[in-house]
Every structure is written in structure tokens, then in C-alpha cells.
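# Fold and contact review
Listed below are the residues making up each chain.
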Amino acid sequence: MTHPHDRALPRAVRLAMPMARDVLKEVAKLHGVCIRPIPLRRLDIVTGKSEIIDVPCGAVLDSKCPPCAKRNRQLRMAQCREGWHLDNEPTITPDEPNEEQRWLVEFRADMQARRDAAEEAGDDTTDLDAVLSGLDDEINAAGMRGSVTGSAVPKRTRSTRRRQDAPDLPKRKMTNTTLGRTFTSSDGKTYRPSLFVTLTLPSYGKVRDGVPIDPDTYDYRRAARDALHFSKLVDRFVQNLRRVAGYDVQYFAAVEPQKRLAPHLHMAIRGTLPRAEIKQIAAATYHQVWWPSTDHVRFDGDHLPVWQDGTGYLDPSTGEVLPTWDEALDALDEDAEPLHVLRFGEQVDVQGVLAGTPDADQCIRYLSKYLTKSIGETLDGGKAQREHAARMLDALRYEPCSPACPNWLRYGVQPKNAKAGMAPGRCRSKAHKPEHLGYAGRRVLVSRKWSNKTLAEHKQDRRTWVLEALGQADEPTDPHRYIWRSVPAGDANVPPLAMRLLRSVHERQRWRAHLRELEARAAGQELSAIRGEAA
Ligand SMILES: [Zn+2]
Ligand SMILES: [Zn+2]
């Protein structure tokens, strides 16, 4: 691919560009500089100046951008540490949308438009989908979830009739605190014990080194459905945990891949409960999926429902209109079985952890260990594991991932928000992709009152620290001062990537050198102060 800029360059330089770009990516990684920066046009409405600014891509996966993934992991570790052993109730103030959040939302809208246009033109949208999902994570982290993904559609009354039964568990009176108990030792010292819990899914068949011993009897369908609905099982666990604990338990959890490619959960919990109770809660927790049945394949191969504008999907032979999603739900028999019931496996690990101990630090490292890897990134990459992943993907192919999944057409139901061009087996949602293997939810789950800060505020902390160290106070900027716009692909004002990377690395080096100089000067002052005292 040639960049418009490239054409203005001498042939020799032009030929050297791709090579220079690859070398520079390596250099950028060494310096912690984003290798896939997103150019944005920033218009300053005070000065009227417009310039192109590289914004880090913000990827959370190593495979996308190692420097951004590393930064994200460090931020998450800081966030986990901050809230785990709080000794004061966090004060939660709703965030005013700041400049960053505002442009994230605007930028997302632009990217969505570009993605839709690409799809219309039949182009590959993989990259744009990745950008969009990265942006969603950023926006969610910035606390703007409601305004972007929130829907005004009222909840179906039906769902209340199919309420999940409450499991049989002890129940304590609820107290209005998010802090756990403390203990005072005989020497008067106060201890604030907390928990580190690991929850796994059940066995689908014997495995060795993460690979089924007998693939033919391994329950791939169950594994697929468990992965698809895992986040809801986690929600249930938290509800039950709070009911039993009798206080507003806060947690910081990470969903990570097991070697057998199933998601599992590490959870730092503030406060403590008896180990046996945690195990009891895990054993009693389940989630029922009340979806239409998928036992009977109605449409397959060339025999697929056809779309009619204004009507929806029809049976190709009879012309009968297929039930809509809501109709299919209403038709569910009162005493029908749920499509799927999830439970945790027997393997529950509970560890008591004290604030500020090396144990706590180790748990935090453990908790964030695989955050930069996707669920599907096989841990050893061997042939047997690749085949295992392929079989898992196969099981997910026709499994509906959500009410809007085109796979519903296979079972004679119109997906929610059905539109033209849907076909079973061709759902574009993350859940069906090799890197997700069924689990398309968030990888980090943080309860609302975990700490006093959102991830965006942790980011802001770091920025303020650097600016202060450089002696440039972060003067408050008017949130309306800048207008951000995405830059069309191939915009001649965007220099070649190699050049932009080089610029960023250079900038990073300058900052580092400046910081080192400041540190040296501060150390020198301290030294002379000590000498002064000694004299
Ligand atoms: Zn990046
Ligand atoms: Zn789907």
C-alpha cells in the first residue's frame, strides 16, 4: 500500500519506507511508544489552529500494540491495588463528561460510519471492528457506558415472570458499608483481611496439557454455551455473595483463559468471608438462559429464510413469516426447560490476603497476568491445542451468541432487530471469533465502589504526575475548546507512519532525559541539604 506522501519521495526512500517502518516499530516498542497511533484532527476554537495529533491506539492486547497493552495492564494493576484494602468508604461522584470522553464518543460515531460504509462496499471490516471495540472499552472505562450503549427500550415484562430462583443460601442482614471486617491483634495492631478467589467452569471431559484426551466425547457444545454466558454467571455470583456477606461487597476481577481455552475468573474481594461460605456460594450459583430452543434445525445449506422489506424473514417454501424474537419468547412454554443452565466447576480457590503484604502484590500480578492476551491466544500454540481451538470454534459457529445473532434464522426465529443480508453461520460478533472463543465480554470487571477513581482518573493521575515533574502544571482547559475529528484514510496531511513513529520516539526520549535531569537535580539538592545539616 502506498501512502500519498510516499509519492513525493525519491524512489530509493520510498522503497526503504516499509523496512524503515518495521524497524521503527521495534524501536517504538522499546521506548513504550504506540505502534498504531490514530491520527486525529484537533481544531482549537480559541486560536483557530488546526493540527493533526497522534492519539495512542489504546489496545489492550499485546498482539495489537505491546506498548499500549503494557500501559493498560499497569493502570489496571494500580486500580486493583488502590481499592483492595480501602479503610474508608469511597465517595462516588458522578463524572462530568470531560474533553476526552466527549471526543471518544464523537470519534466512535465517525468510526462506526466508516465501518458501515466499508461493510456496504464489501470491504474487510476486521481492523475497524477492532478499533470500535477498543473505543468501547475506552468509553466504558471513562464512565460513559450509559450514554453510548444504554437503550431506551423498556424491559420486557415477560422476563420478570421467568425470574431466576434464588439459591438456598444463608442470608445476613444488609449493612450499608463496602468495607470488610477488621481484626485487632493482642499488640493492638489492626488487620484488614481480604480475599482472592479463583472460579472455574466445570469439566467438559478429561484434558491433558489443556487438550481433550478424547475430543469425540468432550462436550464442546456445553463449553461453547458456558463461554457465551459466562459473564452472567459471574453477575449471579456477585449478587449471591452480597446477600450472604450482608454488606455491599466490592470486587476487582479479571476474566482470563485457562489452558483448555475456557474462561475463568480471578477476583480480588474487599473484606472477608469464611472460606467454606465462598465455596457454598459458588456451588449454589447458577444462571438460566431463557431463549427459544435450538434443538431443531429448520433452515440449512441453500434452504434459508428470505428477507422481504417491510415484513421480515419468510420461510422460502411456504412464504410463512418467521416469528420475531419477541414472539418467539412469548411462545415459550410456561414449563419449558431453559435453553441452558450454567454453573461453576468444583475447583474453587479461596485465599486470604492482608493489605500491603507481598502476597497481595503477587495476587495483583497474577490477576493481571493474561490481560494482554486474548482468550484464544493459545498458551503453547502446539498442533493439538490448535485443533482443540478449531473444534471449539466449530461448536460456536451455529450457537446463537445474543438475541440479535443471525444464527437464530437456522432455528426458524427472526433475530432481534432483523435486517436484510443476515445468514446463519455468518454472525460478525466477537463471540464467534478465534481470539474470543465464545467470551466476548469485558476482561476486567470492577464494581462501582471499588475505589474513588475511574480508570480515566488513574490515567489523568499519571499525566498530572509527569507534567508536574516537568514543571508544567496542567492548566485547566475549557472542555469546549477543542473539536476532534477523525482523519479520512489516505489524507495527504498525515505523514507516513515511519515518520510519525520516529517523531514520537524522539519526543519520548526528550521527556525521559528531562525527567532524569530533574531527578538528578533533586537528588543533588537532597545531598547538599544532608551535607548542610551534617556541617
Ligand atoms: Zn497503541
Ligand atoms: Zn452471533
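Our subject is the structure listed above.
As the structure is a computational prediction, the values presented were derived from the model and not from experiment. Within every chain, residues take consecutive numbers counted from 1 along the sequence as written. All chains are assigned letters beginning at A, and all ligands numbers beginning at 1, according to the order in which they are written. This being a predicted model, a pLDDT of at least 70 is required before a residue's local features are given, and a value of 80 or more before pairs of side-chain atoms are given or counted; all residues contribute to the totals for chains, interfaces and linings. Values reported for side chains reflect all heavy atoms of the structure, with hydrogen atoms and water molecules removed beforehand.

Once that is clear, we can look at the overall build of the chain. Put simply, DSSP marks the helices as runs of H or I at least four residues long and the strands as runs of E at least two long, and each gets a number from the N terminus on. A tally of regular secondary structure across the chain gives 14 helices and 16 strands. Relative accessibility thresholds used throughout: buried, under 20% of the residue-type maximum; exposed, over 50%; partly exposed, between the two (1.4 Å probe, protein chains only). Here the chain holds 535 residues, and 41% of them are scored as buried. The criterion used for residue contact is that any of the two residues' heavy atoms lie within 4.5 Å. Expressed as a percentage of contacts within the chain between residues at least 6 apart in sequence, the contacts between residues at least 24 apart total 76%. Each accessible area value is a Shrake-Rupley result obtained with a 1.4 Å probe; residue values ignore everything except the protein chains displayed when judging cover. Carbon and sulfur atoms form 51% of the exposed surface of the chain, whose accessible area is close to 29,500 Å².

A few words now on the packing of aromatic side chains. In this scheme Phe, Tyr and Trp rings, the latter by its six-membered ring, pair at centre separations within 6.5 Å, and the angle between planes marks the pair as stacked below 30 degrees, edge-to-face above 60, and tilted otherwise. Following the criterion strictly, the structure yields 13 aromatic pairs and no others. Where Trp291 meets Trp408, the ring centres are 5.6 Å apart and the plane angle is 75 degrees; that geometry is what we call edge-to-face. Of this pair, Trp291 sits in the loop between strand S10 (286-289) and strand S11 (306-308) while Trp408 sits in the loop between helix H12 (383-397) and strand S15 (444-446), placing them 117 residues apart in sequence. Residues Trp291 and Trp408 agree in their burial class; the two are buried.

This brings us to the packing of helix H2 (residues 66-84) against helix H11 (residues 358-367). Interaxial angle, 0 to 180 degrees, is taken between N-to-C directions of lines fitted to C-alpha atoms, where a helix line uses only the stretch in contact. H11 packs onto H2 with a crossing angle of 140 degrees between their chain directions and a minimal axis gap of 10 Å. As judged from the angle between their axes, H2 and H11 are oblique. The two elements H2 and H11 cross, and the hand of that crossing is right-handed. When H2 is examined against H11, the residues Arg73, Met77, Cys80, Arg81 and Trp84 are found in contact with a partner set consisting of Ala360, Asp361, Cys363, Ile364, Arg365 and Leu367. Residues are grouped as follows: Ala, Val, Leu, Ile, Met, Phe, Trp, Tyr, Cys and Pro are nonpolar; Asp, Glu, Lys and Arg are charged; every other residue, Gly included, is polar. In terms of residue class, the contact of H2 with H11 is built from seven nonpolar, no polar and four charged. Under this scheme an angle from 65 to 115 degrees is roughly perpendicular, one under 35 degrees roughly parallel, and one over 145 degrees roughly antiparallel; angles in between are oblique. What makes a crossing left-handed is the near helix being turned counterclockwise from the far one by less than a right angle; a clockwise turn instead makes it right-handed.

Another point: the pairing of strand S1 (residues 38-44). Burial analysis of S1 places five of its seven residues in the buried class, the great majority of the element. One bridge is not enough; two strands pair if DSSP finds at least two bridges between them. Inspection of the sheet shows S1 paired to strand S2 (residues 50-55) by six bridges, in the antiparallel sense. Among the inter-strand pairings, Leu43 is bridged to a residue of S2, identified as Ser50. Counted between consecutive antiparallel strands, the loop separating S1 from S2 contains five residues, among which Gly48 sits at a positive phi close to 75 degrees. Of the pairings in the sheet, the one linking S1 to strand S16 (residues 482-486) comprises five bridges and is antiparallel in character. Its bridge partner being in S16, Arg41 is matched across the sheet by Arg485.

Turning to the sheet that holds S1, a few remarks are in order. The antiparallel open sheet is built from three strands, whose spatial order is S2-S1-S16. Where the open sheet ends on each side, the last strands, each with one partner, are S2 and S16. Going from strand to strand, the sheet's axes swing by 35 degrees on average, the running direction of each strand aside.

Coordination shells were defined by N, O and S atoms within 2.8 Å of each metal, extended to 3.2 Å for Na, K and Ca; water is absent from the atom set, which can make sites look incomplete. Only Cys34 (SG), Cys57 (SG), Cys65 (SG) and Cys68 (SG) from the protein reach the zinc ion (ligand 1) as donors, at distances of 2.3 to 2.4 Å. By the criteria applied here, four donors are tetrahedral when all angles lie between 85 and 135 degrees, four are square planar and six octahedral when opposite donors are over 155 degrees apart and every other angle lies between 65 and 115, and any other arrangement is irregular. Taken together, the four donor atoms coordinating the zinc ion (ligand 1) span angles of 106 to 112 degrees at the metal, a pattern that classifies the geometry as tetrahedral. For the zinc ion (ligand 1), the single-chain donor residues occur in sequence as C-x22-C-x7-C-x2-C. Remark: Cys68 occurs in helix H2 and Cys57 occurs in the loop between S2 and H2; sequence separation between them is eleven residues. The pair formed by Cys57 and Cys68 is uniform in burial state, with each residue classed as buried.

The next subject is the sheet that holds strand S5 (residues 193-199). As summarised here, the arrangement of the five strands in space is S14-S5-S9-S8-S15, forming an open sheet in which the pairing is antiparallel. For this open sheet the edge positions go to strand S14 (348-354) and S15, each flanked by a neighbour on one side alone. Each strand of the sheet is rotated relative to its neighbour by a mean of 15 degrees, with strand direction disregarded. In this structure, S5 lies alongside strand S9 (residues 263-269), joined through five bridges in antiparallel fashion. Across the sheet, residue Thr198 finds its bridge partner in S9, namely His266. Packed onto the sheet, H11 meets S5, strand S8 (251-257), S9 and S14 and runs at close to 135 degrees relative to S14.

The definition of a nonpolar core used throughout is a set of buried Ala, Val, Leu, Ile, Met, Phe, Trp, Tyr and Cys residues joined through side-chain atoms within 4.5 Å. Ranked by internal contacts, the top residues of the largest apolar core, which has 59 residues, are Phe237, Leu265, Leu273 and Ile278. Among the elements that take part in this core, helix H8 (residues 230-245) stands out by supplying eight residues, more than any other. Contacts of Leu273, omitting those with residues within four sequence positions, involve Leu195, Leu241, Val244, Ala245, Tyr247, Ile278 and Ile281.

So, about the pattern of salt bridges. Put simply, a salt bridge is a Lys or Arg side-chain nitrogen that is within 4 Å of an Asp or Glu carboxyl oxygen. Counted by the stated rule, this structure contains 16 salt bridges. In this structure, the salt-bridge partner of Arg503 is Asp54, at a minimum N-O distance of 4.0 Å. Of this pair, Arg503 sits in helix H14 (residues 497-534) while Asp54 sits in strand S2, and the two are 449 residues apart along the sequence. Assessed through its relative accessible area of 45%, Arg503 is described here as partly exposed. Under the relative-accessibility criterion, Asp54 is labelled partly exposed at 21%.

It is worth spelling out the coordination of the zinc ion (ligand 2) at this point. Looking at the metal site, the zinc ion (ligand 2) is ligated by Cys401 (SG), Cys405 (SG), Cys427 (SG) and His432 (NE2), spaced 2.1 to 2.3 Å from it. Taken together, the four donor atoms coordinating the zinc ion (ligand 2) span angles of 103 to 115 degrees at the metal, a pattern that classifies the geometry as tetrahedral. Along the chain, the residues donating to the zinc ion (ligand 2) fall in the pattern C-x3-C-x21-C-x4-H. With a gap of 27 residues between them, Cys405 in the loop between H12 and S15 and His432 in the loop between H12 and S15 connect regions that are remote in the sequence. Take Cys405 and His432: they sit in the same class, and that class is buried.

A few words on the environment of Gln250. Tracing the backbone shows Gln250 in the loop between H8 and S8. The contact partners of Gln250, leaving out residues within four places of it in the chain, are Thr178, Arg242, Ala268, Ile269, Arg270, Ser447, Arg448, Lys449 and Trp450. Polar contacts, as used here, are pairs of N or O atoms within 3.5 Å; protein pairs need one atom able to donate a hydrogen and one able to accept it. Residues neighboring in sequence count only if both atoms are side-chain atoms. Polar side-chain contacts of Gln250 include one of 3.0 Å to the backbone oxygen of Asp248. Polar side-chain contacts of Gln250 include one of 2.6 Å to the side chain of Ser447.

Non-glycine residue Asp209 carries a positive phi angle of around 50 degrees. Mapping Asp209 onto the fold places it in the loop between strand S6 (207-208) and strand S7 (211-212). With relative accessibility at 56%, the residue Asp209 sits in the exposed group. One non-glycine residue, Leu437, adopts positive backbone phi at about 45 degrees. With respect to the helices, strands and loops of the structure, Leu437 is situated in the loop between H12 and S15.

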